[in-house]
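Spelled out from the first residue to the last, the chains are:
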Amino acid sequence: MAATTTSAAAAVAFSLPSLPGRPPRRRRHHAPCRLRAASTAAPPTPDLSIQLSPRSSPPASTSTNGAASSAGPPVAASLARDRAEDLQAEARAMARAAGATVYSPELLASRYGSRPFKVALRAAEVLSKLGAFALKVLLDERRGESFSVRRRARAVELRTILTRLGPTFVKIGQGLSTRPDLCPPEYLEELAELQDSLPTFPDEEAFACIERELGFPLDSIYSAISPSPIAAASLGQVYKARLKYSGKLVAVKVQRPGIEDAIGQDFYLLRGLGFLINKYVDIVTSDVVALMDEFGRRVFQELNYVQEGQNARRFKKLYADKQDVLVPDIFWDYTSAKVLTMEWIEGVKLNQQAAIESQGLKVLDLVNIGIQCSLRQLLEYGYFHADPHPGNILATPEGKLAFLDFGMMSETPEDARVAIIGHVVHLVNRDYEAMARDYYALDFLEPDVDVAPIVPALKSFFDDALNATVSELNFKTIVDGLGAVLYQYPFNVPAYYALILRSLTVLEGLALYADPNFKVLAASYPYFAKRLLTDPNPYLRDALIELLFKDGKFRWNRLENLLVQGRQDREFAAKDALQPVLKLLLGPDGEELRVLVVKEAVRVTEAITIGALIDSYNAAPEFLKPLISNGNPGGPFKLSDVEREQMIELRDRVFRIWGLLRSSDNFDPSLLQPIAQVLQEPEARVLGSRVAGGVTQRLAARLLQQLLRTPPVPGSSM
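No experiment lies behind these values; they were computed from the predicted model shown.

*Asks:* I'd like a rundown of a nonpolar patch on the surface, residues and numbers included.
*Replies:* A grouping of L273, L276, Y280 and V281 is seen on the molecular surface, where their side chains present a nonpolar patch of about 380 Å² in accessible area. Considering the arrangement of structural elements, one finds L276 in helix α8 (residues 259–280). The class for L276 is partly exposed, based on a relative accessible area of 48%.

Here is the structure:
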C-alpha cells in the first residue's frame, strides 16, 4: 500500500482502544454524500490538497465485552491501548478473516480441473497476447526500428498487455520495472506504473466491500474519505481517510473483486507449465512446480489482509529500535480479510530521485539504509520483505525509510543464514571446495551428491569474475554465474532462496536507479564485517579464522580491513569484537588456534620491541650510534632492509588496528575489564608464558648475534 505524496510529516502512530459498554444513543440521519465514479485511467499522484468527501458523524457504542454494537464501530476512549485490548482487536479481525482462501494445489485442481474449456481460453489469451508482442519486438529489431520512440510505444503496449492479463502478470511486470540492467529506460518508466497506478475498479464496489467486511455503514467509520483511490496496485486500491473517532489519517486498502478466481486460474496454468518443464526441459534442474507452489502460497497470503497486518506487526517489532526504519501501525478494528486500515505515511518513492533531492535527502543514503536493513532481514532476523519494489518503499521527509505492503514475506532458515555469510568468506578466500560444501548447508544439494565436479566450474567462473575485486561484482553477475553452474549440476534451489534472489535483485535495481555504478556487495561489506567480528556463532567464528589465517600466518591486512568496514555499521561495538575471540582462543577446542596465536604474538611483540629500539637508535646522537650498533652502519640489529621494512610495517599496522578499536564510538577502556578477567584464567596464563618465552628467545638470539658480530674493518663490505 503506497502513499506517494511529498509533504512534510509522517502520521502519528496510533492504535484504537475499545470503550467499556455504554448505552446506545439514537442515530441522527443525514443525507448520504455523493461519491464520484471511479476513473478507468490510473489516478494522478496525490498531494496534501487531496479532496476528502465529508461523512456524517453519528454516535456509536460498544457492548460490555468490548465488541461493537450494530450502532457503529468501537469508539476510542484514549490514545493509549494496553496490549490485552490490542490482542482482542486483532482476534476480532482474525474472526472476520476466518473464511479467507488458503492456497493449495488440491484446491486449484478441484476448482479448475473440471473446467478445461475456461482454462484453455485463458491459456490461449496469455499466449496470443505475449506471443504477438514478442513477434513485434523481433520485427522491430530486424528492421532496425529499435530507436527510443519505437521502444516507448512497445513499452506502453507491454504495460497495457500485462495490465489486461491481470494481477499475476502485473506482479511479473513489477519485478521487471526495477531491473535497469534488463530493460531499457523506456520500459522501466512504463512498467513502474504497475506499482501503484493501475486502472481502478468502481468506488461503489470498494465502499460496499468496506461496509460488508467491517459490518458498519461507511459514515460511521470515517469522518472523511477520498472520493476516488489515491493508488491502485495489483491486488487492491488505496483510499485516504480520516477515522471518525480518533481523527487519525489512515490508508485504507480494499481488495479487487473476483481476484481470487483470476489468480487461482493463472497459478493452475503455471503449475501445468511447471510440470512440463520438469518433465521435458533437462537444463532446468530445480523443481519448478515447487517454486510455483511457494510463490502461489505467498500471493494467496497477500489476499488475506489480516495476515498482512500480522506480518507488519512482526516486522515493526523487529525494527522497533531502528531509527532509520519506519513501519506503519495497523488499526485492527478496521481490518478484515479484504480491507486493511494502516497508518498514513507521507513519502516519496525511491525511484523519484528529483523529488527526494528536493527535500534535501540523498538517494544513495536511503538506498544504503535499505540494503543494511535487508541484510538484517535476510541474515540476522531471518524474516524478510520479499516484494520491496519502489511502490512499497518510501523516503519520508525526515530521511527515514518506510516499508509498506507486507503481503509477501518469507523466512530464511537459521542454518542458511550463517551458511550465506560463510559462503561470502569462502568467496573472498577463493576457497572453491568450501564454497561447494556450503551448498549442503544451503539445501541446494542432497548429502549424497559429490561436489568434486562442481569445484572446477566455480573456479572457472569466479577466477575470471574476481580479477577485479569482490566489491566490484554486482549481484546480477553472481546470480548469472551461479546460474550457469546450477544448470549443469543436480542443484535444487529451495523456495526461500528464490524469494531472496527476488528481494536482492529488486534492491539492486533500486540502487542502480540512483547510480548505474552502484555495487551492492561493496555496500554490504560493513554488515558482513560486523557479523564476522562480533557474532559468537561457532560457524562464523570458524569463518573468521579462515579469513584471517593462511598457511599458519595471520593476515593483519584482513583484520584491519574488517575493522575499517565494520566501524561503518552503526551497531558495531569494539567490545563485541574482542571477547568472543578470546573465549574461542582459551576454550577447550582452541589448541590449534593457540599455536597460531602464540607464533603471531611472538612476531608482533618482536616487531614492536625492535621497532621501538630502531626509533630510539635513530633519535640517538650521532656519536653514540657506533657504540650502540657495535659498528654496524645499518643499525643495532643485523636486519636486511626488507626485513626491517616488514617489521616496521607490521608494527604500524597493529597500532592502526588498536587505533581503530579505540576510536569506535562506543569504546570505553572499562570495557577491557572483562577481557582482563578472562586473561587471569589458567589457560590464559599458560598462553601468556608461551608468548613471553617465545619473545625472550627471539630477542636473545638477535642480541647474541649482535654481540658476537665482528665489527667491520673500515673500507670493507658486509
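*Asks:* Pulling in residues and values, what's your account of the packing of aromatic side chains?
*Replies:* Scanning the model with the defined rule gives 10 aromatic pairs in all. On the numbers, 6.2 Å between centres and 70° between planes, the contact of Y103 with F267 is edge-to-face. Residue Y103 is located in the loop between α1 (83–96) and α2 (105–112), and its partner F267 is located in helix α8; the two are separated by 164 residues in the primary sequence. Ring plane angle 55° and centroid distance 5.5 Å describe the contact between Y103 and F300, whose orientation is recorded as tilted. Residue Y103 is found in the loop between α1 and α2, and its partner F300 is found in helix α9 (residues 288–302); the two are separated by 197 residues along the sequence. Here F300 falls in the buried class, since its relative accessible area comes to 3%. Looking at K253, its charged tip hangs above the ring of Y305, at a distance of 4.9 Å from the centre. Between the NZ or CZ atom of R314 and the centre of the ring of Y383, over which it lies, the distance is 3.8 Å.

*Asks:* How would you summarise unusual backbone geometry if you had to cite specific residues and measurements?
*Replies:* Positioned with a positive phi, D405 is a non-glycine residue whose angle comes to about 55°. Its place among the elements puts D405 in the loop between β11 (401–403) and β12 (409–411). A positive phi is found at D443, a non-glycine position, where the angle reads about 70°. Inspection of the secondary structure assignment puts D443 in the loop between α14 (432–441) and α15 (454–465). The exposure class assigned to D443 is exposed, which follows from its relative accessible area of 53%.

What counts and how
Residues numbered from 1 in each chain as written. Predicted model: local features only at pLDDT ≥ 70, side-chain atom pairs only at ≥ 80, totals over all residues. Heavy atoms only, no water. Patch = residues over 30% accessible without salt bridge, like charges linked within 9 Å, V, L, I, M, F, W, Y side chains within 5 Å. Areas by Shrake-Rupley, 256 points an atom, 1.4 Å probe, with all protein chains shown as cover. Salt bridge = Lys/Arg side-chain N within 4 Å of Asp/Glu carboxyl O. Helix = DSSP H or I, 4+ residues; strand = E, 2+ residues; numbered from the N terminus. Buried < 20%, exposed > 50% of the residue type's maximum accessible area, 1.4 Å probe, protein only. Phe/Tyr/Trp six-rings, centres within 6.5 Å; stacked < 30°, edge-to-face > 60°. Lys NZ or Arg CZ within 6 Å of the ring centre and 35° of its normal.

Function cannot be read off these values alone, since they describe shape.
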